[in-house]
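Tertiary structure, described
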Amino acid sequence: MKIACFITSHGFGHATRTLALISKLAKTSSLEISIFSTLPDWFFHENLGSIPFQTIHLKTDVGLVQKTPFEHDLNSTLDQLNSFLQFENNKRIITLLEKGEFDFIFCDISPLGLHLSKKLGIPSCLLENFTWDWIYEEYLTRNNNFKKPIEQLKGIFQSANLHIQTTPICNPAQNAQPINPIFRPAKKDGSVMRKSLGIKEEEQVILVTTGGIPQKYSFINKIKEDHNRFYILTGAFSEYERGSNFCLLPHKSAHYFPDLIQSADGVVGKVGYGTVAEVWAAQKPFIAVFRENFRESQPMRNFINQNISGFEIGDQMFQRGDWIDDVGSFLEINENKRVSLPVNGSDQAVRLITEWLNHKRVA
């Protein structure tokens, strides 16, 4: 089976769920994958392992232009969006898709993939928990110039032949198929992960993350003063660094992120799809940091409150490290809010895609 995957580069979370789905699909069919994205190749190798794929470095959407993991630039977003939606300079990609004889185009909120799917008559599958037209609607009161791209994007997203929505769903669509959160299973037991990092088994471990968007942490000195716990910090570090009670891990490291979650007693960081889904799967307590003025935050907040123990803090409190004083009590409130093992949304998505393709072949 040949699949062209158009994946947004808005953080790593969309890619993690797409790659988890592909990995599960590869267990049922022989796959050849072409990935269109601006995310780094090492990330795809880390997640796909022996599954054959090629990457085509391509901007597949605009999303939000980020100043930091918690701040975005609406003017730059609108400028780039208007230019992007002209869909120019795609002749090379069109030629590649025409010659590739793909069974379908898979899109994780990429309007470009859906646009090309319709243009070339290649079946399309859309996976999302939000679409960009829905996100941009939040900003209409501040800039009415979002209206035209919103209308264009809405038509593009509605053109998908198979539409799958993964929990937490932001805007339920009438013809979409809802599924559970998609998460990557851990490869190692938490104790094995601790040993590989040189962390004592009895130590309390806190994992700190801001997802795939680079972030410098201003509270590292405050962490160094907490000798009761060990902190794993992932982020935009040029190299691995180890202290007496902490380690700094670059995004590209020898350690698989779901394994880091397994090794931790609790997780602190920015709310994003990949982190939330994998924290939920591992049932770890979560100190959640939400982005202000981002429409996905409220559906995420509702899901976390119902399914994950912990509490919420503001991004300024996070940046100052004020939460460090509350870590002890945070770990004590862990409450398992799930009564059974999680059903991975990737299993449900594979079933939907397989049934869709079989139906198409019969028809």
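Please refer to the structure placed before this passage.
So, here's what we can say about the structure.

So, about the sheet that holds strand β14 (residues 266–270). Pairing is mixed across the open sheet formed by 7 strands, whose spatial order is β12-β13-β11-β10-β14-β15-β16. Where the open sheet ends on each side, the last strands, each with one partner, are β12 (241–242) and β16 (310–313). Running over the sheet, helix α11 (residues 273–282) touches β10 (204–209), β14 and β15 (286–289) and is turned about 165 degrees from β15.

Counting 63 residues, the largest nonpolar core has Ile33, Ile35, Phe106, Ile164, Ile232, Phe286 and Ile353 as the members making the most contacts within it. In terms of residue count, the dominant contributor to this core is α11 (7 residues). Contacts of Ile33, omitting those with residues within four sequence positions, involve Ile3, Cys5, Ile22, Ile51, Pro52, Phe53 and Gln54. Grouped together as the second largest cluster of nonpolar side chains are 39 residues, Leu74, Phe87, Phe102 and Phe146 included.

By the definition in use, this model includes 23 aromatic pairs. Note on Phe104 and Trp356: the rings are 5.4 Å apart at their centroids and 80 degrees apart in plane angle, and the pair reads as edge-to-face. One end of the pair, Phe104, is in strand β6 (residues 104–108); the other, Trp356, is in helix α15 (residues 345–362), with 252 residues separating them in the sequence. The pair Phe104 / Trp356 is uniform in exposure class, with both members buried. Taken together, Phe130, Trp132, Tyr136, Tyr139, Phe146 and Phe294 form an aromatic cluster joined through their ring pairs.

Now for the pattern of salt bridges. Per the stated rule, a full pass over the model turns up 13 salt bridges. One salt-bridge network, in which partners are shared between bridges, spans Glu137, Glu138, Lys154 and Arg295.

Attention now moves to the side chain of Thr16. With respect to the helices, strands and loops of the structure, Thr16 is situated in helix α1 (residues 13–25). In this structure Thr16 comes out as buried when scored by relative accessible area, which is 5%. Those residues within four positions of Thr16 in sequence are excluded, and the remaining contacts are Phe43, Arg184, Gly274 and Glu278.

Before going further, it helps to examine the packing of α1 against helix α2 (residues 41–48). Two numbers describe how α1 lies on α2: the axes approach to 9 Å, and their chain directions differ by 40 degrees. When the axes of α1 and α2 are compared, the pair comes out oblique. Crossing of α1 against α2: the hand is right-handed. Contacts between α1 and α2 pair Ala15, Thr16, Leu19, Ile22 and Ser23 from the former with Phe43, Phe44, Asn47 and Leu48 from the latter.

So, on to the sheet that holds strand β8 (residues 162–166). Strand order across the open sheet formed by 7 strands is β3-β2-β1-β6-β7-β8-β9, with parallel pairing between neighbours. Strands at the two margins of the open sheet, each flanked by one partner only, are β3 (53–57) and β9 (177–179). Strand-to-strand twist across the sheet, computed as the mean angle between neighbouring axes with direction ignored, equals 20 degrees. Two elements, strand β2 (residues 32–37) and β3, share 5 bridges in a ladder whose sense is parallel. Residue pairing for β3: Ser34 is matched across the bridge by Gln54. Of the strands in this sheet, β1 (2–7), β6 and β7 (124–128) are in contact with helix α5 (residues 111–120), which crosses β6 at around 155 degrees.

A word on the environment of Thr167. Mapping Thr167 onto the fold places it in the loop between β8 and β9. The class of Thr167 is partly exposed, set by a relative accessible area of 22%. Setting aside residues no more than four positions away along its own chain, Thr167 makes contact with Ile179, Asn180, Pro181, Tyr273 and Phe303. At 2.7 Å, the side chain of Thr167 forms a polar contact with the backbone oxygen of Ile179.

This paragraph deals with helix α4 (residues 91–100). The complete set of buried residues in α4 reads Ile93, Ile94, Leu97 and Gly100. Relative to the axis of α4, the buried residues are bounded by an arc of 135 degrees and lie together on one face. Turned more than 90 degrees away from the buried face of α4, the exposed residues are Lys91, Arg92, Glu98 and Lys99. If you follow the buried residues of α4, they end up packed against β1, β2, β3, β6 and α5.

Calculation criteria
Residues numbered from 1 in each chain as written. Predicted model: local features only at pLDDT ≥ 70, side-chain atom pairs only at ≥ 80, totals over all residues. Heavy atoms only, no water. Pairing = 2+ DSSP bridges. Helix = DSSP H or I, 4+ residues; strand = E, 2+ residues; numbered from the N terminus. Contact = heavy atoms within 4.5 Å. Axes fitted to C-alpha atoms, helices over the stretch in contact; angles between N-to-C directions. Core = buried A, V, L, I, M, F, W, Y, C linked by side-chain atoms within 4.5 Å. Buried < 20%, exposed > 50% of the residue type's maximum accessible area, 1.4 Å probe, protein only. Phe/Tyr/Trp six-rings, centres within 6.5 Å; stacked < 30°, edge-to-face > 60°. Salt bridge = Lys/Arg side-chain N within 4 Å of Asp/Glu carboxyl O. Parallel < 35°, antiparallel > 145°, perpendicular 65-115°, else oblique. Left-handed = near helix turned anticlockwise from the far one by under 90°. Polar contact = N/O pair within 3.5 Å; in protein donor to acceptor, adjacent residues only side chain to side chain. Arc of directions from axis to C-beta.

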